[in-house]
Amino acid sequence: MCLSIQKKPTDVGVEKASASRKVLQVVNLSPSESWIEKIVHIHPMRQIAYASVVQLVVFGGMFGCMAINQELIKII
C-alpha cells in the first residue's frame with residue numbers, strides 16, 4: 001500500500017515564505033526567534049558569559065577590519 005501526500009498550492013507558498021525568511025535571517029546575521037526566546041530561560045551568569053564572548057568576537061572583528069584598512073591606506 002503506497003500513500004502519497006499531495007501538497008496544496010498554499011502549502012508551497014508557505015514553504016517558500018519560510019525558506020525566504022530563513023535566508024534573510026542568515027544574510028542579515030540575525031538569530032532565529034527560538035534562540036532568542038531560549039536565552040531568557042538560561043541562568044543570568046551564563047547570559048553574561050555568552051554576551052561577553054559575543055562582545056569579544058565583535059571587538060576582534062572591528063580591530064581586524066581597522067588593521068586591514070590601515071594596511072590598505074599605507075599601500076594607497
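Refer to the structure printed above.
Nothing here was measured: the structure is a model prediction, and the numbers come from that model.

## Things to note about the overall build of the protein
Assigned secondary structure in the protein consists of three helices and zero strands. Starting at the N terminus, the α and β elements of the protein follow one another as α-α-α. Within the protein, the proportion of its 76 residues that are buried is 1%. For the protein, the exposed area adds up to about 7400 Å²; of that, 70% sits on carbon and sulfur atoms.

## A look at the pattern of salt bridges
Across all of its chains, the model carries one salt bridge by this definition. Linking Glu-71 and Lys-74 is a salt bridge whose minimum nitrogen-to-oxygen distance equals 3.7 Å. Separated by three residues within a single helix, Glu-71 and Lys-74 lie in helix H3 (residues 44–75), roughly one turn from each other.

Definitions and limits used
- Residues numbered from 1 in each chain as written.
- Predicted model: local features only at pLDDT ≥ 70, side-chain atom pairs only at ≥ 80, totals over all residues.
- Heavy atoms only, no water.
- Helix = DSSP H or I, 4+ residues; strand = E, 2+ residues; numbered from the N terminus.
- Buried < 20%, exposed > 50% of the residue type's maximum accessible area, 1.4 Å probe, protein only.
- Areas by Shrake-Rupley, 256 points an atom, 1.4 Å probe, with all protein chains shown as cover.
- Salt bridge = Lys/Arg side-chain N within 4 Å of Asp/Glu carboxyl O.

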